[in-house]
Amino acid sequence: MIEKDIVDLLDARLAAEVYYGMQPQPPDNIPAPLPVVIVNRVASVWYGGFFGTDTDLSRPGIQVDYYDETAEGARRLADQGRIALRDLVASSAGGGLLDSEISYYDEESRGWRVQQRWDMADYSPALS
C-alpha cells in the first residue's frame, strides 16, 4: 500500500510526527502538538481498456499535509517532503507526480499548513 510507503519514508526523513489518516487528538479541545505530517489517500483511478479494468494497477491521489507553528516551518517540512517523495517508486509501478501545492493558516490546528496533492502509481488489491 503506497500510503504506508509514504508514511515510512517521511517518518524517517522529517523532524515531525507522521500519521496516516489523522493525528491523535488531545483531550479538552487543546490543539494537537506541531509539527506534524498527515498522509491520506483521497482518490483512486483504476486503468481500463478494451479488455476491461486492470484491477491490480491504480493511480491513487495522495494528499500530504505539513503543519507547523510558523509558515517558514511548514514550508521547510513541505520542501523536505517534496524532495523525499518525488523519487519514490511505488511497488515497481512507477513514480509520483506532484499535482498541486497550497499553503495557508489553518484555524483548527492553530498553525500553518502546506497541502500537497500527489498522483502516484500503486499495485492495489483487486476490486471485488
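First, a word on scope: everything that follows refers to the structure included in this document. (Residues numbered from 1 in each chain as written. Predicted model: local features only at pLDDT ≥ 70, side-chain atom pairs only at ≥ 80, totals over all residues. Heavy atoms only, no water.)

1. Focus on the packing of helix H1 (residues 2-13) against helix H2 (residues 71-86)
Between H1 and H2, whose axes approach to 10 Å, the crossing angle comes to 130°. Regarding the angle of H1 to H2, the classification is oblique. Crossing of H1 against H2: the hand is right-handed. Together, Ile-6, Leu-9, Leu-10 and Arg-13 of H1 and Gly-81, Ala-84 and Leu-85 of H2 make up the contact between the two elements. Counted by class, the contact of H1 with H2 contains five nonpolar, one polar and one charged residues. (Axes fitted to C-alpha atoms, helices over the stretch in contact; angles between N-to-C directions. Helix = DSSP H or I, 4+ residues; strand = E, 2+ residues; numbered from the N terminus. Parallel < 35°, antiparallel > 145°, perpendicular 65-115°, else oblique. Left-handed = near helix turned anticlockwise from the far one by under 90°. Contact = heavy atoms within 4.5 Å. Nonpolar A, V, L, I, M, F, W, Y, C, P; charged D, E, K, R; others polar.)

2. Comments concerning the nonpolar core
One finds Ile-6, Leu-10, Val-64, Tyr-66 and Leu-85 to be the most contacted residues of the largest nonpolar core, which totals 22 residues. Looking at this core, the elements with two or more residues in it are H1, strand E2 (36-49), strand E3 (52-68), H2 and strand E5 (111-119). Setting aside residues no more than four positions away along its own chain, Val-64 makes contact with Leu-10, Val-37, Ile-38, Val-39, Leu-85, Val-114, Gln-115, Gln-116 and Trp-118. (Core = buried A, V, L, I, M, F, W, Y, C linked by side-chain atoms within 4.5 Å. Buried < 20%, exposed > 50% of the residue type's maximum accessible area, 1.4 Å probe, protein only.)

3. Re the packing of aromatic side chains
All told, the structure shown has one aromatic pair when counted by the stated rule. Residues Tyr-105 and Trp-112 carry aromatic rings whose centres are separated by 5.5 Å and whose planes lie at 75° to one another, so their mutual orientation is edge-to-face. Take Tyr-105: its relative accessible area is 38%, and that puts it in the partly exposed class. (Phe/Tyr/Trp six-rings, centres within 6.5 Å; stacked < 30°, edge-to-face > 60°.)

4. Digging into the pattern of salt bridges
Enumeration according to the criterion identifies nine salt bridges in this entry. In this structure, Asp-79 engages Arg-75 in a salt bridge whose closest nitrogen and oxygen atoms are separated by 3.8 Å. In this pair, Asp-79 and Arg-75 both sit in helix H2, four residues apart, roughly one turn of the helix. In this structure Arg-75 comes out as partly exposed when scored by relative accessible area, which is 28%. Among the salt bridges present, the one from Arg-113 reaches Asp-106, with a minimum N-O distance of 3.5 Å. Both residues of the pair, Arg-113 and Asp-106, count as buried. (Salt bridge = Lys/Arg side-chain N within 4 Å of Asp/Glu carboxyl O.)

5. Focus on the environment of Arg-13
Note on placement: Arg-13 falls in helix H1. Arg-13 sits in the exposed class, given a relative accessible area of 53%. Along the chain, Arg-13 and Leu-77 lie 64 residues apart, while their C-alpha atoms are 9.8 Å from each other.

6. Side note on H1
Taking 1.5 Å per residue, 12 residues should reach 16 Å; H1 reaches 17 Å between its end C-alpha atoms and fits that length. For H1, the full list of buried residues reads Ile-2, Glu-3, Ile-6, Val-7, Leu-9 and Leu-10. Projected down its long axis, H1 carries its buried residues within an arc of 170°, all on one side. (Expected span 1.5 Å × (residues − 1). Arc of directions from axis to C-beta.)

7. Focus: the side chain of Asp-68
Checked against the element boundaries, Asp-68 lands in strand E3. For the buried Asp-68, no salt bridge is present, and the opposite-charge side chain at shortest range is Arg-76, 5.5 Å distant. Other than its neighbours up to four places away in sequence, Asp-68 contacts Leu-34, Pro-35, Gly-73, Ala-74, Gly-111 and Trp-112. (Lys, Arg positive; Asp, Glu negative; His and termini not counted.)

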